[in-house]
Amino acid sequence: MDESPLEQQSQSHDQENEIVTEGSAFVDGEPPSQDGSVPPKVDSQVEVLDEKVSKQIIKEGHGSKPSKYSTCFLHYRAWTKHTQHKFEDTWQEQQPIELVLGKEKKEMTGLAMGVASMKSGERALLHIGWELGYGKDGNFSFPNVPPMADLLYEVEVIGFDETKEAKGWIVQGKARSDMTVEERIGAADRRKMDGNNLFKEDKLEEAMQQYEMAIAYMGDDFMFQLYGKYQDMALAVKNPCHLNMAACLIKLKRYDEAIGHCNIVLTEEEKNPKALFRRGKAKAELGQMDSAREDFRKAQKYAPDDNAIRRELRAIAEQEKAVYQKQKEMYKGIFGGGRDESGVKAKSRNGLIMLWQWLVSLFSRILGRKRVKAD
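None of the values given here were measured: they were computed from a predicted structure. (Residues numbered from 1 in each chain as written. Predicted model: local features only at pLDDT ≥ 70, side-chain atom pairs only at ≥ 80, totals over all residues. Heavy atoms only, no water.)

Caption draft 1: Here's a closer look at the overall build of the protein chain. Helix and strand content of the protein chain: 11 helices and 7 strands. Evaluated residue by residue, the protein chain yields a buried proportion of 46% over its 375 residues. Nonlocal contacts in the protein chain, meaning residues at least 24 apart in sequence, comprise 69% of its contacts between residues at least 6 apart. For the protein chain, the accessible surface area stands at approximately 20,800 Å², while carbon and sulfur atoms represent 51% of it. (Helix = DSSP H or I, 4+ residues; strand = E, 2+ residues; numbered from the N terminus. Buried < 20%, exposed > 50% of the residue type's maximum accessible area, 1.4 Å probe, protein only. Contact = heavy atoms within 4.5 Å. Areas by Shrake-Rupley, 256 points an atom, 1.4 Å probe, with all protein chains shown as cover.)

Caption draft 2: The pairing of strand β4 (residues 86–89), seen in detail. With 3 bridges connecting them, strand β3 (residues 71–80) and β4 associate as antiparallel partners. Within β4, the position partnered with alanine 78 by the bridge is glutamate 88. The antiparallel hairpin formed by β3 and β4 contains 5 residues in its connecting segment, where glutamine 84 sits at a positive phi of about 55°. (Pairing = 2+ DSSP bridges.)

Caption draft 3: Here's a closer look at the side chain of arginine 293. Residue position: arginine 293 is located in helix α10 (residues 289–302). Residue class for arginine 293 comes out buried when judged on its relative accessible area of 15%. If near-sequence neighbours (up to four positions away) are discounted, arginine 293 is found in contact with Leu313, Ile316 and Glu320.

Caption draft 4: Summary view of the UniProt feature "repeat: TPR" (unreviewed entry) in the protein chain. The sites that carry the UniProt feature "repeat: TPR" (unreviewed entry) are, in the present numbering, residues 273–306. Secondary structure over residues 273–306 splits into 79% helix and 0% strand, and the C-alpha atoms at its two ends are 10 Å apart. (UniProt positions renumbered as here; feature names shortened; annotations may be inferred.)

Caption draft 5: Broad picture of the packing of aromatic side chains. Throughout the structure, instances matching the rule amount to 4 aromatic pairs. An angle of 50° between the planes, with centres 5.4 Å apart, marks the rings of phenylalanine 73 and tyrosine 217 as tilted. On the criterion of sequence distance, the pair formed by phenylalanine 73 in strand β3 and tyrosine 217 in helix α5 (residues 204–217) is long-range, its members being 144 residues apart. Per residue, the accessibility class of phenylalanine 73 equals that of tyrosine 217, and both read buried. Ring centres of tyrosine 76 and tyrosine 153 lie 5.4 Å apart, and the angle between their planes is 75°; this geometry places the pair in the edge-to-face category. Residue tyrosine 76 is located in strand β3, and its partner tyrosine 153 is located in strand β7 (residues 151–161); the two are separated by 77 residues in the primary sequence. With a relative accessible area of 1%, tyrosine 76 lands in the buried category. (Phe/Tyr/Trp six-rings, centres within 6.5 Å; stacked < 30°, edge-to-face > 60°.)

Caption draft 6: Summary view of the pairing of strand β1 (residues 47–50). Alignment of β1 against strand β2 (residues 53–59), held across 3 bridges, turns out to be antiparallel. Paired with aspartate 50 across the two strands is valine 53, which belongs to β2. If you look at the hairpin formed by β1 and β2, you'll find 2 residues sitting between the two strands.

Caption draft 7: Structural detail: unusual backbone geometry. Of note, the amide linkage connecting phenylalanine 142 to proline 143 takes the cis form, showing an omega dihedral of -5°. Position of proline 143 among the secondary structure elements: in the loop between β6 (123–128) and β7. Non-glycine residue tyrosine 69 carries a positive phi angle of around 75°. Looking at where tyrosine 69 falls in the secondary structure, it is placed in the loop between β2 and β3. Positive phi, close to 65°, is recorded for lysine 253, a residue that is not glycine.

Caption draft 8: Up close: the nonpolar core. In terms of nonpolar packing, the biggest core is built from 37 residues, with Phe199, Tyr211, Tyr217, Met218, Met223 and Cys248 touching the most fellow members. Elements with a contribution of two residues or more to this core: α4 (181–200), α5, α6 (220–223), α7 (228–251) and α8 (255–268). With 10 residues, the single largest contributor to this core is α7. Val53, Cys72, Leu111 and Ile128 belong to the second-largest nonpolar core, a separate cluster that totals 25 residues. (Core = buried A, V, L, I, M, F, W, Y, C linked by side-chain atoms within 4.5 Å.)

Caption draft 9: Focus on the packing of α7 against α8. One way to put it is that α7 packs onto α8 with a least axis distance of 8 Å and a crossing angle of 160°. When the axes of α7 and α8 are compared, the pair comes out roughly antiparallel. Seen from above, α7 lies across α8 with left-handed handedness. Every residue of α8 that contacts α7 at Leu235, Lys238, Asn239, His242, Leu243, Met245, Ala246, Leu249 and Ile250 is listed here: Tyr255, Glu257, Ala258, His261, Cys262, Ile264, Val265 and Glu268. (Axes fitted to C-alpha atoms, helices over the stretch in contact; angles between N-to-C directions. Parallel < 35°, antiparallel > 145°, perpendicular 65-115°, else oblique. Left-handed = near helix turned anticlockwise from the far one by under 90°.)

Caption draft 10: Region of interest: a nonpolar patch on the surface. Where nonpolar side chains cluster on the molecular surface, the patch consists of Leu352, Leu355, Trp356, Trp358, Leu359, Val360, Leu362 and Ile366 and spans about 810 Å² of accessible area. With respect to the helices and strands, the residue leucine 362 is situated in helix α11 (residues 307–374). Residue class for leucine 362 comes out partly exposed when judged on its relative accessible area of 32%. (Patch = residues over 30% accessible without salt bridge, like charges linked within 9 Å, V, L, I, M, F, W, Y side chains within 5 Å. Salt bridge = Lys/Arg side-chain N within 4 Å of Asp/Glu carboxyl O.)

Caption draft 11: Seen up close, helix α9 (residues 273–285). Over its 13 residues, α9 runs 18 Å from end to end, which matches the ideal 18 Å to within 8%, given 1.5 Å per residue. Buried residues dominate α9, accounting for 12 of its 13 residues. All of the buried residues along α9 are Pro273, Lys274, Ala275, Leu276, Phe277, Arg278, Arg279, Gly280, Lys281, Ala282, Lys283 and Ala284. Following α9 by one or two positions, glycine 287 has its phi on the positive side, about 85°. (Expected span 1.5 Å × (residues − 1).)

Spelled out as C-alpha cells, the structure:
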C-alpha cells in the first residue's frame, strides 16, 4: 500500500504539516451535542418521514441520499423520549456502526427510515415511535429499553457505499460482513487514501468521514479474528486512520477526542511516536503540561531526531520559566509591600509615643504649678 503525506517516515515533516500549522485552516465543524448526556435542543423544522418517524436537521449534509441496500456508516446516540435515559452511544466507543438499508434489524426500522432520508455528513435528531423501535416488550438485555418506549436518536451519517454501483475498489453487491479479509482491508485502505487527499485540501470534516468509514471496516469483531500477517495488514490501515483523525481533531480544537484516538493506537503500539506526540500536543493545549511533557519525552525516546518534539519540549520549558518569573515578581511584591507596611506602622507608633510623652510632661507642669500656689 502506498504511503500518503500523512504517513511519511520523516516524522518531523509529517508533524509540522499536520500539527504545528494548525491555524492554517478553519472548518465550520463541531462535535455532537453538549456532553451527550441529554438529547440536543433543536429548533429546525420538523420533517415527517412516516406516521411514527420525524426528523429535525442539526447540520446539513452534502451529495445524494443512500438507496435501498446501501451500506451506511453512522454514529448515533439514543435516548428514551419521555425519561431521556441514554441507552446507547457509538461516539463514546469511537466506533461507527454499519447499517445496510433494507436489511436492518426489526428494532432499527425507524432508524433506517431516518438514515435513508439523510445525506453524507448530515446530523439530525430523529423522533421514533415505539412501534418502529423496540416494540411493545422493549429490551431487557443490552441495550436496556423499557416496553413501549418512544425513542430519540441523534444521528450523523458518515457516508455510504452504493453496492449497486461498481466503483473499482468497492466489492459490488457485497456488504462488509460478506467480504474476505483482503477485500475488507483493501476497501478500508481506499477510504484512508481518500481521506488523505481531502486532508491535503484542508477539508477536515470530509477527511474525518473517510477515516471513520475506514475504521468501521476494521471493527473489534473483525480485528479479534485476525493474527499474523493479516493482523499486521489491518493495523497498518487502522492505526494511521486513528492518527489522522487525531491530527484533524487537533486542528478543530477538539482535544479530548484527539486524545481518545491516540489512546486507541497506543493500546496496540505503546511505542508509537506519532501517537505519543499528538496526544502530548492535545494535552498541552488543554493545559496538562506535566502529562504532555511525559508524552513528548517518550516520543523523543523512540524518535530522537525529531525536531517537532524538541520544539514542543522547548515550548513547555519556556512557558514554565515565564510562569516562574511571574510568580517570583508577584511574591516579591507581596513581601516588599509587607516591609513598607511595617515601616509605616513603626513611624505611627513612634509618633504616638512622642505625643504621649509630651502630654505627660504638660500634665506634670500643670500639677507642679498647682503645688506652688498651694504652698
